[in-house]
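Architecture and fold: a report
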Amino acid sequence: MRLLHTGDWHLGKRLYGLDRRDELRAALSEIAGIGAAQRVDAVVVSGDLLDRRVVDAGPIGDCLSALEELAALGPVVVAVGNHDDPDLWNALRPYLLARGIHIAGRVQPAADAVVSVETRSGLLHAALLPWPEPARLRMDLGTSAQMSKATYADLCRAVLDSYAQELRDRRQREGGAAVLVGHLMVDGAVAGGGEREMTMGITYAVSPHALPTDLDYVALGHVHKPQAI
């Protein structure tokens, strides 16, 4: 199975007042061209589609067009990032699903977070983990009383463990590939690709040891600089 992994588009971002809309649209078109040339089976998008949560018609339109262009290549699975408005993207889910685009705006229980889609090369099971917002994580999880004092990292690890187990179970039961798609800050990651510092600290970090190592692929977003984990 051939996957195209992309993310952190930050559509709508301006550089010292310079409108980069044409540049960003050209980059997305190039990404779709790479996917077509490589004959990918599915597309994985790991968050931060937009640069701001403020609704801006131009960047949203560009984003929807890009997602539809990628969906022409195969199923698209998306976990939104900290720059994205989760309620907006959850509202757009029916529109996107009808076009072969599966998106998660908020953290969900494992059974709901994992989507299984048919590709030309078989089943793809994808666990979609959007940016776990510290202020909402316990609410989204319906956290039990014994977990109420757990740290952010502990809660994220519990989510990752449950998602990984759901992926393993589906892969064993139905075959196919198992992929985790997450927008996460991994402890020890080195910034330097234009990230905003407010979400790069240890307060928002997940231990690299929390990441499952027995899946077929882990698609991470948030940190822009390529590096080993």
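It should be noted that the structure appears before, not after, this text.
In short, a report on the structure. (Residues numbered from 1 in each chain as written. Predicted model: local features only at pLDDT ≥ 70, side-chain atom pairs only at ≥ 80, totals over all residues. Heavy atoms only, no water.)

1. Re the sheet that holds strand β5 (residues 76–79)
With parallel pairing, four strands are arranged side by side in an open sheet as β1-β4-β5-β6. Each of the sheet's edge strands pairs with one partner strand only, and the pair in question is β1 (3–6) and β6 (101–104). Averaged over all adjacent pairs, the angle separating strand axes in this sheet is 15 degrees, with direction ignored. Relative to β5, strand β4 (residues 42–45) is paired through three bridges, and the arrangement is parallel. Its bridge partner lying in β5, Val 43 is registered against Val 76. Docked against the sheet, helix α2 (residues 57–71) engages β1, β4, β5 and β6, running at close to 140 degrees with respect to β5. (Pairing = 2+ DSSP bridges. Helix = DSSP H or I, 4+ residues; strand = E, 2+ residues; numbered from the N terminus. Axes fitted to C-alpha atoms, helices over the stretch in contact; angles between N-to-C directions. Contact = heavy atoms within 4.5 Å.)

2. A look at unusual backbone geometry
Of note in the backbone geometry, His 10 takes a positive phi value of approximately 55 degrees without being a glycine. You can see His 10 is positioned in the loop between β1 and β2 (14–15). Exposure remark for His 10: the relative accessible area of 7% places this residue in the buried category. Its identity is not glycine, yet His 222 carries a phi of approximately 105 degrees, on the positive side. Along the chain, His 222 turns up in the segment after β12 (217–221). (Buried < 20%, exposed > 50% of the residue type's maximum accessible area, 1.4 Å probe, protein only.)

3. A look at the environment of Gln 227
Here Gln 227 lies in the segment after β12. Relative accessible area serves as the criterion here: at 34%, Gln 227 is assigned to the partly exposed category. Gln 227 sits 37 residues away from Val 190 along the chain, and the two C-alpha atoms are 7.8 Å apart. If near-sequence neighbours (up to four positions away) are discounted, Gln 227 is found in contact with Gly 188, Ala 189 and Val 190. At a separation of 2.6 Å, a polar atom in the side chain of Gln 227 contacts the main-chain amide nitrogen of Val 190. Engagement of the side chain of Gln 227 in a polar contact is seen with the backbone oxygen of Lys 225, the distance being 2.7 Å. (Polar contact = N/O pair within 3.5 Å; in protein donor to acceptor, adjacent residues only side chain to side chain.)

4. Some points on the pairing of β4
Of the two faces of β4, both are covered, the one formed by Ala 42 and Val 44 as well as the one formed by Val 43 and Val 45. The pairing of β1 with β4 spans four bridges and is parallel. Residue pairing across strands places Leu 4 opposite Val 43, the latter belonging to β4.

5. Observations regarding the packing of aromatic side chains
Counted by the stated rule, this structure contains two aromatic pairs. A ring pair is formed by Trp 131 and Tyr 204, whose centres lie 5.8 Å apart and whose planes are at 35 degrees; its orientation type is tilted. Of this pair, Trp 131 sits in the loop between β8 (122–129) and α6 (137–141) while Tyr 204 sits in the loop between β10 (185–186) and β11 (205–206), placing them 73 residues apart in sequence. Classification of Tyr 204 as partly exposed rests on a relative accessible area of 23%. When the ring of Tyr 152 is compared with that of Tyr 204, the centres are 6.5 Å apart and the planes differ by 80 degrees; the resulting orientation is edge-to-face. Taken as a pair, Tyr 152 in helix α7 (residues 152–174) and Tyr 204 in the loop between β10 and β11 lie far apart in primary sequence, 52 residues in all. Put simply, the rings of Trp 131, Tyr 152 and Tyr 204 touch in pairs and so form one group of aromatic residues. (Phe/Tyr/Trp six-rings, centres within 6.5 Å; stacked < 30°, edge-to-face > 60°.)

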